[in-house]
Amino acid sequence: QCAECHGDRGEGGIKVRNLGVNPVAFVTPEAFSSKLPSPEAFDKVVVDGLPGNLMPGSGQLGTSDLHDLYQYIKGLSASR
(Lines give C-alpha, C1' and ligand atoms only; values in the text may rest on other atoms or scores of the structure.)
Protein backbone atom coordinates (compact mmCIF):
# COMPACT_ATOMS: atom_id res chain seq x y z
CA GLN A 1 0.00 0.00 0.00
CA CYS A 2 2.79 2.48 0.84
CA ALA A 3 4.83 1.75 -2.31
CA GLU A 4 1.95 2.90 -4.48
CA CYS A 5 2.83 6.51 -3.63
CA HIS A 6 6.24 6.27 -2.01
CA GLY A 7 7.84 3.86 -4.48
CA ASP A 8 9.49 0.52 -3.76
CA ARG A 9 12.50 2.11 -2.06
CA GLY A 10 11.03 5.46 -1.02
CA GLU A 11 11.95 7.16 -4.28
CA GLY A 12 8.44 8.43 -4.90
CA GLY A 13 5.94 6.78 -7.21
CA ILE A 14 3.85 8.31 -9.99
CA LYS A 15 1.37 9.90 -7.59
CA VAL A 16 4.20 11.59 -5.68
CA ARG A 17 5.80 12.95 -8.85
CA ASN A 18 2.43 14.47 -9.78
CA LEU A 19 2.02 16.34 -6.47
CA GLY A 20 3.88 19.41 -7.60
CA VAL A 21 6.83 21.53 -6.67
CA ASN A 22 8.87 19.37 -4.30
CA PRO A 23 7.02 16.28 -3.10
CA VAL A 24 10.33 14.64 -2.16
CA ALA A 25 10.41 16.98 0.81
CA PHE A 26 7.26 15.38 2.15
CA VAL A 27 7.16 11.72 1.28
CA THR A 28 10.56 10.16 0.66
CA PRO A 29 13.51 9.22 2.88
CA GLU A 30 15.31 12.37 1.71
CA ALA A 31 12.82 14.23 3.87
CA PHE A 32 14.21 12.37 6.88
CA SER A 33 17.87 12.21 5.88
CA SER A 34 19.04 14.65 8.52
CA LYS A 35 16.24 14.33 11.04
CA LEU A 36 14.13 11.20 11.20
CA PRO A 37 11.21 11.86 13.52
CA SER A 38 10.98 9.96 16.77
CA PRO A 39 9.36 6.54 16.47
CA GLU A 40 6.28 7.91 18.25
CA ALA A 41 5.93 10.87 15.88
CA PHE A 42 6.50 8.59 12.90
CA ASP A 43 3.82 6.17 14.12
CA LYS A 44 1.34 9.03 14.52
CA VAL A 45 1.88 10.21 10.92
CA VAL A 46 1.60 6.68 9.52
CA VAL A 47 -1.49 5.79 11.53
CA ASP A 48 -3.28 9.17 11.26
CA GLY A 49 -2.01 10.23 7.83
CA LEU A 50 -1.36 13.78 6.66
CA PRO A 51 -4.02 16.47 6.25
CA GLY A 52 -5.91 16.80 3.01
CA ASN A 53 -5.06 14.32 0.30
CA LEU A 54 -1.31 14.13 0.96
CA MET A 55 -1.38 10.74 2.68
CA PRO A 56 -4.14 8.54 4.07
CA GLY A 57 -3.67 6.96 7.47
CA SER A 58 -2.77 3.30 7.82
CA GLY A 59 -4.47 2.54 11.10
CA GLN A 60 -4.46 -1.19 10.37
CA LEU A 61 -0.71 -1.46 11.05
CA GLY A 62 0.20 -2.97 14.40
CA THR A 63 3.02 -1.95 16.72
CA SER A 64 5.42 -4.51 15.28
CA ASP A 65 4.66 -3.44 11.69
CA LEU A 66 5.19 0.23 12.59
CA HIS A 67 8.51 -0.62 14.24
CA ASP A 68 9.64 -2.58 11.18
CA LEU A 69 8.58 0.22 8.83
CA TYR A 70 10.44 2.81 10.91
CA GLN A 71 13.60 0.70 10.89
CA TYR A 72 13.27 0.14 7.13
CA ILE A 73 12.99 3.88 6.43
CA LYS A 74 15.80 4.60 8.83
CA GLY A 75 17.94 2.16 6.82
CA LEU A 76 16.95 3.80 3.52
CA SER A 77 17.86 7.21 4.93
CA ALA A 78 21.25 5.98 6.11
CA SER A 79 22.08 4.45 2.74
CA ARG A 80 21.58 7.72 0.81
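Participant: Can you tell me about the overall build of the chain, naming the residues and giving the values?
Facilitator: If you tally the helices and strands in the chain, you get 5 helices and 0 strands. From first element to last, N terminus to C terminus, the chain shows the α and β order α-α-α-α-α. Considering the chain as a whole, with its 80 residues, one finds that 26% of them fall into the buried category. In the chain, the share of contacts with a sequence separation of at least 24, taken over all contacts with a separation of at least 6, comes to 42%.

Participant: Tell me about the packing of aromatic side chains, residues and numbers included.
Facilitator: Scanning the entire structure with this criterion turns up 1 aromatic pair. On the numbers, 5.3 Å between centres and 70° between planes, the contact of Phe42 with Tyr70 is edge-to-face. Taken together, the positions of Phe42 in helix α4 (residues 39-48) and Tyr70 in helix α5 (residues 63-78) put the pair 28 residues apart, joining distant regions of the chain. Residue Phe42 shares its accessibility class with Tyr70, and that shared class is buried.

Participant: With reference to specific residues and values, describe the pattern of salt bridges.
Facilitator: By the definition in use, this model includes 1 salt bridge. Residue Asp48 is joined to Lys44 by a salt bridge in which the shortest nitrogen-to-oxygen separation is 2.6 Å. Taken together, the positions of Asp48 and Lys44, both in helix α4 and 4 residues apart, correspond to about one turn of that helix. Judged by its relative accessible area of 48%, Asp48 is partly exposed. With a relative accessible area of 54%, Lys44 lands in the exposed category.

Participant: Which residues make up the nonpolar core, and what values do they have?
Facilitator: Phe42, Val46, Leu66, Leu69, Tyr70 and Ile73 together form the largest nonpolar core, which totals 6 residues. At the level of elements, α4 and α5 are the ones that each hand at least two residues to this core. Element by element, the count of residues in this core is highest for α5, at 4 residues.

The rules behind the values
Residues numbered from 1 in each chain as written. Predicted model: local features only at pLDDT ≥ 70, side-chain atom pairs only at ≥ 80, totals over all residues. Heavy atoms only, no water. Helix = DSSP H or I, 4+ residues; strand = E, 2+ residues; numbered from the N terminus. Buried < 20%, exposed > 50% of the residue type's maximum accessible area, 1.4 Å probe, protein only. Contact = heavy atoms within 4.5 Å. Phe/Tyr/Trp six-rings, centres within 6.5 Å; stacked < 30°, edge-to-face > 60°. Salt bridge = Lys/Arg side-chain N within 4 Å of Asp/Glu carboxyl O. Core = buried A, V, L, I, M, F, W, Y, C linked by side-chain atoms within 4.5 Å.

Fair warning: the whole summary comes from geometry, so function is off the table for now.
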